[in-house]
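Tertiary structure, described
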Amino acid sequence: MNAAKRLEIFTRLRAANPSPKTELEYTTPFELLIAVLLSAQATDVSVNKATRLLYPLANTPAKILALGVDELASYIRTIGLFRTKAKNVIATCQILLEQHGGEVPRDRAGLEALPGVGRKTANVVLNTAFGEPTMAVDTHIFRVSNRTGIAPGKNVDIVEQKLLKFVPKQFLHDAHHWLILHGRYTCTARKPQCWNCMIADLCDYKDKLSMPAVV
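Here we summarise the structure given alongside this text.

Calculation criteria
- Residues numbered from 1 in each chain as written.
- Predicted model: local features only at pLDDT ≥ 70, side-chain atom pairs only at ≥ 80, totals over all residues.
- Heavy atoms only, no water.
- Helix = DSSP H or I, 4+ residues; strand = E, 2+ residues; numbered from the N terminus.
- Rg over C-alpha atoms; globule rule 2.2 N^0.38 Å.
- Buried < 20%, exposed > 50% of the residue type's maximum accessible area, 1.4 Å probe, protein only.
- Contact = heavy atoms within 4.5 Å.
- Areas by Shrake-Rupley, 256 points an atom, 1.4 Å probe, with all protein chains shown as cover.
- 1 Å grid on protein atoms, 1.4 Å probe; cavity = no way out; pocket = protein on both sides within 12 Å on 5 of 7 lines; lining within 4 Å.
- Points joined across faces, edges and corners; volume = space filled by probe spheres on them.
- Nonpolar A, V, L, I, M, F, W, Y, C, P; charged D, E, K, R; others polar.
- Polar contact = N/O pair within 3.5 Å; in protein donor to acceptor, adjacent residues only side chain to side chain.

1. A short note on the overall build of the protein
- When you go through the protein residue by residue, the secondary structure sums to 10 helices and zero strands.
- Rg of the C-alpha trace for the protein: 19 Å, near the compact-globule value of 17 Å for 215 residues, within the 12% margin.
- Each principal axis of the C-alpha distribution contributes one length, and for the protein these read about 55 × 35 × 30 Å.
- The buried share of the protein, taken over its 215 residues, is 47%.
- Restricting the contact set of the protein to residue pairs at least 6 apart, pairs at least 24 apart contribute 59%.
- Total accessible area on the protein is roughly 10900 Å²; 55% of this is exposed by carbon and sulfur atoms.

Spelled out as C-alpha cells, the structure:
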C-alpha cells in the first residue's frame, strides 16, 4: 500500500468520526488506567458494567486499596481473569501511592512498571489520557493493519512500529481509535463487512471481491 492510499484511508475515517473516543468509561487518568488493565481479554462492555458499580464507591488509588483484593474481586467478578486482575489493581494502587503520590505516571517506563500493565495498556493511557501519539495495537488493530495492508506485520510490535512510520502525522493521535472501531464494527474477524466499508476500494484484502453486495 502506498502513502496516497493511506492518506485517503485516514482522511475518510476522520471525516466519518472526527473525534473518536475509547468506549471504556472514565473521568480521570486513574479510572482509565484501571479500566484498560481490566479490559485485557475482556470486552469494554463488561468492564464498563463493573466500573459503573465500582467507581462511585472507589475511584482513587487509596479508596481501591482500602477495599482489598477480595472486595475488589466481588465488583469485577464478571470480567475474565478477575482474581488475577484484582491482585494487580491492588498492587498497582499501592505503587501509585508509594512511588507516584497517587498520580498516574506520564511516562512509559513508569506505567510499564505497574503490575499487569504492558506496552499496549501503557500506549492507551499515554494516548488517551495524556495526548501522546502512541499506537496501542490490540487484536482489532493487528487484524485491520494486516488485512487492509496499511501496516502488515507478523507480530504486534512490528505492526506498531509500521503504523508509527506509515500513518500520516496529522492522523497519528486518533489513528488507533479509528482502527479499533473499524475492526470492531466493520472489518470484523470472521465476516468482514466489505460491502459496507468506506475504505473497501483502497484496501488490499484479496477476498473482498467475493463478499456479497447489499441488496
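2. Remarks on the environment of tyrosine 205
- Take tyrosine 205: it is sitting in the segment after helix H10 (172–185).
- On the basis of relative accessible area, tyrosine 205 is assigned to the buried category, the value being 18%.
- In contact with tyrosine 205, not counting residues within four places along its chain, are Arg147, Pro192 and Cys194.

3. Quick look at empty space enclosed by the protein
- Scanning the model with the defined rule gives one cavity of 30 Å³ or more in all.
- Computed from the structure, the largest cavity encloses a volume of approximately 90 Å³.
- Forming the walls of the largest cavity are 14 residues, and the residues nearest its centre are His182, Cys187, Cys194, Cys197 and Cys203.
- For the lining of the largest cavity, a count of residues per class yields eight nonpolar, four polar and two charged.

4. Brief notes about the layout of surface pockets
- Counted as a void, the largest pocket has a volume near 550 Å³.
- Breaking the lining of the largest pocket down by element, the ones donating at least two residues are helix H2 (29–38), helix H3 (44–54), helix H7 (119–128), helix H8 (139–148) and H10.
- For the lining of the largest pocket, the element with the most residues is H10, which contributes six residues.
- Taken together, the residues of the lining of the largest pocket break down into 11 nonpolar, 11 polar and six charged.
- As for the second largest pocket, its lining consists of Leu13, Ala16, Asn17, Trp178, Leu181, His182, Thr186, Asn196, Cys197 and Met198.
- When contributions to the lining of the second largest pocket are tallied by element, the ones reaching two or more residues are helix H1 (3–16) and H10.
- Ranked by residue count, the leading element in the lining of the second largest pocket is H10, at three residues.
- Across the lining of the second largest pocket, the residue classes break down as six nonpolar, four polar and no charged.

5. Looking at the environment of asparagine 59
- By the element assignment, asparagine 59 lies in the loop between H3 and helix H4 (61–76).
- Put simply, asparagine 59 and alanine 200 are 141 residues apart on the chain and 42 Å apart in space, counted from C-alpha to C-alpha.
- Setting aside its immediate chain neighbours within four residues, asparagine 59 contacts Phe30 and Glu31.
- There is a polar contact of 3.0 Å between the side chain of asparagine 59 and the side chain of glutamate 31.

6. Digging into the environment of lysine 162
- Turning to its location among the elements, lysine 162 is positioned in helix H9 (residues 156–166).
- Sequence-wise, lysine 162 and serine 145 are 17 residues apart; in three dimensions their C-alpha atoms are separated by 9.3 Å.
- Those residues in contact with lysine 162 that sit more than four places away from it in its chain are Ala151, Pro152 and Val167.

The values are spatial; any link to function lies outside them.
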